[in-house]
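Reading the structure
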Amino acid sequence: MGGASQLFKTDLEGLDRLIRKLRSGGYVVYGPVKQGRSWFFLEIDSVKQVDLNYVRTVLPPKKLLHPPREKLFEFKLDDGFEVSEKPTPSAVALFGVHPCDLKAIERQDEFFSQTPEDPYYLARRRNTLIIGLTCTRVDENCFCLSRGTGPEVSTGFDILITDVGNGYLLEPGSAKGLELLKSLGFQEAGDEYLEAKQKLIEELKKSFTKHMPSEGLAELAKSLLDHEVWKETAERCLSCGNCSLVCPTCYCFDVYDVLELNLRSGVRVRELDSCQLLEYAEVALGGNFRRNRFQRLRHWMLCKFGAAGGGLYSSCVGCGRCIVYCPASIDLTEVAGRLRGGG
Amino acid sequence: MKLKVGVFKFTSCSGCQVELIRMNEQLPELLNLVEFKYWAMASSKLEDGPYDLALVEGAISTPECIEEVKAIREKSRVLVALGDCAVTGGVPSIRNWMSQREAETIVYPKPGCIRSTRVYGIDEYVKVDYYLKGCPPRLENILEVFKAVILGVKPRLRQHPVCVECKFYENECLLTTYKQPCMGPVTAAGCGAICPNVGRVCEGCYGPMSDPNIASMVERLKEIGLSDDEILRKFRKYAGMSKLYREVAKL
C-alpha cells in the first residue's frame, strides 16, 4: 500500500486547510454530515461540519455524479429546432468517501466510459476531485471485506485520509492529489503512520459480521433461477425501489421530456429508475417482462451478484445501504447464503 | 382549434378545482390552448357539450350523480377523474363502513329527504380515460394531462411508490429509521413526497401504487406497533374503495 509514493501527515486543522484550499480553488466541497439520525453528503466549508466517524450516508456520493434527477438540455421549436446544452458543471470535491463508495465510483466510471460514452456523467466526473477516508468503524451491515472492496483501498481517490489516532495519514492517489498535498506544505509521514494504518485495517477486518463472498456467486445464482428463495423473499418485498435507489452501483435511468405550456419548448430530463418498479420492464401495449414481484427482486439481486447484464459494473460493493433502507428487512447476503445452501 | 374543456363536480370539497385555479401565471398560457366551456367555479357562463376533455371532481353518492356523470361521459371525448374522490370515492367513501342511516343522522337533523347511495369513484359508472390521483392532485400532473390530450399522447403519471420521489430528495426514511407508520411503500407517487420532505409520514393520499404488496405493508405496520384498527383506518382513509384496497379495508 502506498508503495514508493510520498506520504504526508496532518492534524484536524490541516484537514480544515485542505477544505478551505479546495474551496478557494473553485471547488464546491461535499462531505458526510450528520442530520437527524442519518448522514448525508452535503456542502461543507469546514471539517467541523463533517463526522469523520460516520458509517454510511443515505444516498451514496453517486448522487453528485449521476444525480437522481437532472435536466440534460433545453429545447425549443421555432423556425428550426434549437437545443441548448447545460454549461460545464462546476468543480466538485467529494471529501470523506469510504472505500466501498470509492470502488462503486470506479465501476460507474468504467460503465459510463464505454462506447457510447455518457457525456453528462463524464463531464461531471472530470470536474470531480475525490478525497477518500478509511473507515474508523464497521457496523452490522457492512460487508465490503468479503466483496474485496474494503476496508483497504489502493485506487479510486486523489487523496486518501486515514485517522491513525494521533494524526491523519494522507496518501496521494493521483498527480492532482500529490500536487495539492505538497502545496499545503504538509509534512511527510514516516513509516510509523503506515504501520498504524495497517494495524487499524487489521482491527477493522476482525469486526465484520456480515459476508457475501463473490467467488462463484454469479454463476451459482444464474443456475438457480427457480430456487424457492426468490419467491419466498418476494412475499416480503414491497417493490418500493429503495434498495436500488440507495445503491452506489445501480445506474439505470429513465429519460423523458417535459413540455412547457406553449408546447414549443421544454426540457429533457433524466432520472434514476429502478428495476423493482412494475413500470420498469413495461413495453408498448402493456407488455411486461417482469410482471411478477419475484422476477424483479431476482433480477436486482442477480445484478448485484454480478450475474446480470451489468456484470461487474453494477455488482455489489458491500456498503449495506439496501439492507438498512429496506422496509421489509430483506438482506441480499442472506439470499446469497441460501443459494449457497446455507439454510 | 382550442380544446373544449368542461370541469364538473360531484361529492367533494372542491380542493382539486382550487388546485386548478392555483395555476395563476400559467393560466393565460393555458387559455391559448383550451377554452373552458363549463366550469361553475370559474365562470357563471356555462355551455353545454360536446367537450374534448372533461375533468370530473368528486365521488358519486346519489342517484342523480349517476345520471349526470353518465351524461357527461356521453358528451366528452376524453374523461379524466380529477382527484381521489373521483378516482376511488376518496375521503367521502369512509361513510361506506357505517350504515346509511347512521351517516345520515350524524349530518342531517331531518334525513327524510336524503337519497344517497354507497360512495364510489366515477369509474363504477363510466369509462375513465385518465386518473389524476391525489388529494388534491398536484398541478403539474393536471397540466400534464392537458398537454397530453392536446398532443394526443399518453400522459406521464407516476404509478410507482412515493419512496422513489422520497429517495430523490434524500429524506431520512421515516419507516426504517424512525419506525413511523409511513404509507410511502404502497402509495402512488406524483406528489413529490411533500409530506416526508417536511418530516411527516405519507398518509397515502394518492391511493395505491401500481403493484402494492399490501400483505407485507400490513406486517410492517404491525411490526412498528400499530393495532389492527389503526391499520384498517390507514387503508380506508383515502382509497378504501379502490379495487386494490377493498380487501384490506374490509369492505
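Being a predicted model, the structure only gives us computed values, none of them experimental. (Residues numbered from 1 in each chain as written. Chains lettered and ligands numbered in written order. Predicted model: local features only at pLDDT ≥ 70, side-chain atom pairs only at ≥ 80, totals over all residues. Heavy atoms only, no water.)

**Side note on the packing of aromatic side chains**
All names here are of chain A.
- For the structure shown, the criterion picks out 14 aromatic pairs over all chains.
- Sitting over the ring of Phe294, Lys231 keeps its end group 4.8 Å from the ring centre.
- For the cation-ring pair, Arg270 lies above Phe253, with the distance from its terminal atom to the ring centre recorded as 4.4 Å. (Phe/Tyr/Trp six-rings, centres within 6.5 Å; stacked < 30°, edge-to-face > 60°. Lys NZ or Arg CZ within 6 Å of the ring centre and 35° of its normal.)

**Details of the sheet that holds strand β3 (residues 38–43) of chain A**
Residues and elements named next belong to chain A.
- Here we have eight strands laid out as an open sheet, ordered β3-β2-β6-β7-β8-β9-β1-β10, and mixed in their pairing. What marks the edges here is a single partner per strand, and that holds for β3 and β10 (187–188).
- Pairing geometry for strand β1 (residues 8–10) and β10, over two bridges, is antiparallel. If you follow Lys9 over to β10, its bridge partner there is Gln187.
- Strand contacts of helix α3 (residues 99–113): β6 (92–97), β7 (128–133) and β8 (159–163), with the helix running at about 140 degrees to β6, the strand carrying the most contacts. (Pairing = 2+ DSSP bridges. Helix = DSSP H or I, 4+ residues; strand = E, 2+ residues; numbered from the N terminus. Contact = heavy atoms within 4.5 Å. Axes fitted to C-alpha atoms, helices over the stretch in contact; angles between N-to-C directions.)

**Regarding the sheet that holds strand β4 (residues 76–82) of chain B**
Residue and element names in this part refer to chain B.
- The five strands lie next to each other as β2-β1-β3-β4-β5, forming an open sheet whose pairing is parallel. Only two strands of the sheet have a single partner each, and these edge strands are β2 (34–39) and β5 (130–132). Averaged over all pairs of adjacent strands, the angle between strand axes in this sheet comes to 25 degrees, irrespective of strand direction.
- Pairing analysis gives five bridges linking strand β1 (residues 3–9) to β2, with the strands arranged parallel. Along β2, the bridge assignment pairs Lys4 with Glu35.
- Across the sheet, helix α3 (residues 63–75) lies against β1, β3 (51–57) and β4, angled at about 135 degrees from β4, the strand it touches most.

**Some thoughts on empty space enclosed by the protein**
Residues and elements named next belong to chain A.
- Tallied over the full model, the rule gives seven cavities of 30 Å³ or more.
- Its boundaries defined by the atoms lining it, the largest cavity holds a volume of some 160 Å³.
- Mapped by element, the contributors of at least two residues to the lining of the largest cavity are α10 (242–245) and α11 (293–304).
- It is α11 that provides the largest number of residues to the lining of the largest cavity, a total of three residues.
- Looking at the lining of the largest cavity residue by residue, the class counts come to 13 nonpolar, four polar and one charged.
- Lining the second largest cavity are 18 residues, and of these Val55, His98, Cys100, Cys135 and Cys142 lie nearest its centre.
- Tallying contributions element by element places α3 first for the lining of the second largest cavity, with three residues.
- For the lining of the second largest cavity, the residue count by class is eleven nonpolar, three polar and four charged.
- For the lining of the second largest cavity, the domains that each give at least three residues are domain 1 (8–68 + 86–206) and domain 2 (217–339). (1 Å grid on protein atoms, 1.4 Å probe; cavity = no way out; pocket = protein on both sides within 12 Å on 5 of 7 lines; lining within 4 Å. Points joined across faces, edges and corners; volume = space filled by probe spheres on them. Nonpolar A, V, L, I, M, F, W, Y, C, P; charged D, E, K, R; others polar. Domains from an automatic or database assignment.)

**Details of helix α4 (residues 119–126) of chain A**
Residue and element names in this part refer to chain A.
- Among the residues of α4, those classed as buried are Tyr120, Tyr121, Leu122, Arg124 and Arg125.
- In this structure, the buried residues of α4 make contact with α2 (62–65), β4 (69–77), β5 (81–85), α3, β7 and β12 (265–272).
- The backbone nitrogen of Tyr120 has a side-chain oxygen 3.1 Å away, supplied by the residue at the start of α4, namely Asp118. (Buried < 20%, exposed > 50% of the residue type's maximum accessible area, 1.4 Å probe, protein only. Polar contact = N/O pair within 3.5 Å; in protein donor to acceptor, adjacent residues only side chain to side chain.)

**A short note on helix α9 (residues 228–236) of chain A**
All names here are of chain A.
- Buried residues of α9: Val229, Trp230, Thr233 and Ala234, and no others. Seen end-on, α9 carries its buried residues on one side only, within an arc spanning 130 degrees. Opposite the packed face of α9, turned more than 90 degrees from it, sit the exposed residues Glu228, Lys231 and Glu235.
- Residues of α9 that are buried in the fold lie against α11 and α13 (332–339). (Arc of directions from axis to C-beta.)

**Side note on a nonpolar patch on the surface**
Residues and elements named next belong to chain B.
- A cluster of nonpolar side chains, Met98, Ile106, Val107 and Tyr108, forms an exposed patch at the surface whose accessible area comes to about 390 Å².
- Following the sequence through the fold, Val107 ends up in helix α5 (residues 100–107).
- Overall, Val107 belongs to the exposed group, its relative accessible area being 55%. (Patch = residues over 30% accessible without salt bridge, like charges linked within 9 Å, V, L, I, M, F, W, Y side chains within 5 Å. Areas by Shrake-Rupley, 256 points an atom, 1.4 Å probe, with all protein chains shown as cover. Salt bridge = Lys/Arg side-chain N within 4 Å of Asp/Glu carboxyl O.)

**Comments concerning the pattern of salt bridges**
- Taken as a whole and judged by the stated rule, the model has 41 salt bridges over all chains.
- Asp331(A) is the salt-bridge partner of Lys210(A), the closest N and O atoms lying 2.4 Å from each other. Of this pair, Lys210(A) sits in the loop between α7 (191–206) and α8 (217–223) while Asp331(A) is found in the loop between α12 (321–324) and α13, placing the two residues 121 residues apart along the sequence.
- With relative accessibility at 13%, the residue Lys210(A) sits in the buried group.
- On the basis of relative accessible area, Asp331(A) is assigned to the buried category, the value being 5%.
- Within the structure, one salt-bridge network assembled from shared partners comprises Arg69(A), Asp254(A), Glu271(A), Arg156(B), Arg158(B) and Glu165(B).

**A short note on the domain arrangement of chain A**
All names here are of chain A.
- Splitting chain A by domain gives domain 1 (8–68 + 86–206) and domain 2 (217–339).
- Each of domain 1 and domain 2 was reduced to a C-alpha centroid, and the two centroids are 27 Å apart.
- The junction of domain 1 with domain 2 conceals about 2,500 Å² of combined surface from both sides, 56% of it contributed by carbon and sulfur atoms.
- Taken together, the links from domain 1 to domain 2 amount to two salt bridges.
- With a closest N to O distance of 2.8 Å, Asp101 and Arg321 form a salt bridge.
- The tally of links from domain 1 across to domain 2 stands at 14 residue pairs in polar contact (both at pLDDT 80 or more).
- Mapped by element, the contributors of at least two residues to the side of domain 1 that touches domain 2 are α3, α4 and α5 (144–147). (Buried area = accessible area lost by both parts, 1.4 Å probe.)

**Things to note about the interface of chain A and chain B**
- On the chain B side, the residues contacting the 42 residues of chain A number 36 residues.
- Each partner contributes to the roughly 3,200 Å² buried at the junction of chain A and chain B, and carbon and sulfur atoms together form 58% of this total.
- Linking chain A to chain B there are six salt bridges.
- Across the chain A-chain B interface, the total number found is 18 residue pairs in polar contact (both at pLDDT 80 or more).
- Taken together, the elements giving at least two residues each to the side of chain A that touches chain B come down to β3, α9, α10, β11 (253–259), β12 and α11 of chain A.
- It is β11(A) that provides the largest number of residues to the side of chain A that touches chain B, a total of four residues.
- The residue makeup of the side of chain A that touches chain B, split by class, is 24 nonpolar, six polar and twelve charged.

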